[in-house]
Amino acid sequence: VSSVLTAFLYMKFKEVKDKGINIEYNLHIDKLEKVIPFPDVVELVGNLLDNAVEATIKNQNKNIYFEVEERVNEVIFILSNPYEWVEGESFNKYMVDGKSTKGNGRGFGLTNINKIVERYHGFMQVLFDCDQEVKVVRFEIALQFKLERS
């Protein structure tokens, strides 16, 4: 992993911790930057973590889980954070520019994430669950590796 990616992740994790939020992370990345350009990684991870922080900061449970795992032809991103979802809620409506749980004039983060998912012929699954009686939202994103860049 390059020092630039390591520095970016360290900075994002420090931002989370500085807001009084615990972050547990598990990173298994080796060739990520060779197959997915750094700006796309920054956009994806930055938006996921920023959204998680905004949701978690309002919650009594201050725990975020983040994982990145490379597989043979894809990379999997998993992010879980507390979120007070309601039965039957769907995130599909937030995949459109300007739609947000946070009010008008916001809501481009999930749209940008979705565009990256489409660019890499991947998929995104949003799951609502309870973890030790805490309501959580869990994003699972799989991106297909493009051909190696030199």
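Definitions and cut-offs
- Residues numbered from 1 in each chain as written.
- Predicted model: local features only at pLDDT ≥ 70, side-chain atom pairs only at ≥ 80, totals over all residues.
- Heavy atoms only, no water.
- Axes fitted to C-alpha atoms, helices over the stretch in contact; angles between N-to-C directions.
- Helix = DSSP H or I, 4+ residues; strand = E, 2+ residues; numbered from the N terminus.
- Parallel < 35°, antiparallel > 145°, perpendicular 65-115°, else oblique.
- Contact = heavy atoms within 4.5 Å.
- Nonpolar A, V, L, I, M, F, W, Y, C, P; charged D, E, K, R; others polar.
- Expected span 1.5 Å × (residues − 1).
- Buried < 20%, exposed > 50% of the residue type's maximum accessible area, 1.4 Å probe, protein only.
- Arc of directions from axis to C-beta.

### Things to note about the packing of helix 1 (residues 3-18) against helix 3 (residues 38-57)
Right, so step 1: Relative to each other, helix 1 and helix 3 sit at 10 degrees, their axes nearing to 11 Å. One element, helix 1, and the other, helix 3, form an angle in the roughly parallel class. When helix 1 is examined against helix 3, the residues Val4, Leu5, Phe8, Leu9, Lys12, Phe13, Glu15 and Val16 are found in contact with a partner set consisting of Phe38, Val41, Val42, Val45, Gly46, Leu49, Asp50 and Val53.
Right, so step 2: Per-class residue counts for the contact of helix 1 with helix 3 are 12 nonpolar, one polar and three charged.

### Details of helix 1
Right, so step 1: Taking 1.5 Å of rise per residue, 16 residues should cover 22 Å, and helix 1 covers 22 Å from first to last C-alpha, within 8% of that figure.
Right, so step 2: Three or more residues of helix 1 are buried, namely Leu5, Phe8, Leu9, Lys12, Phe13 and Val16. What you see down the axis of helix 1 is that its buried residues fit within an arc of 125 degrees, all on one side. Opposite the buried face of helix 1, by more than 90 degrees, sit the exposed residues Ser3, Tyr10 and Asp18.
Right, so step 3: Check the buried side of helix 1 and you find it contacts strand 1 (22-28), helix 2 (32-35), helix 3 and strand 2 (63-70).
Right, so step 4: Looking one or two residues beyond helix 1, the residue adopting positive phi is Gly20, at roughly 80 degrees.

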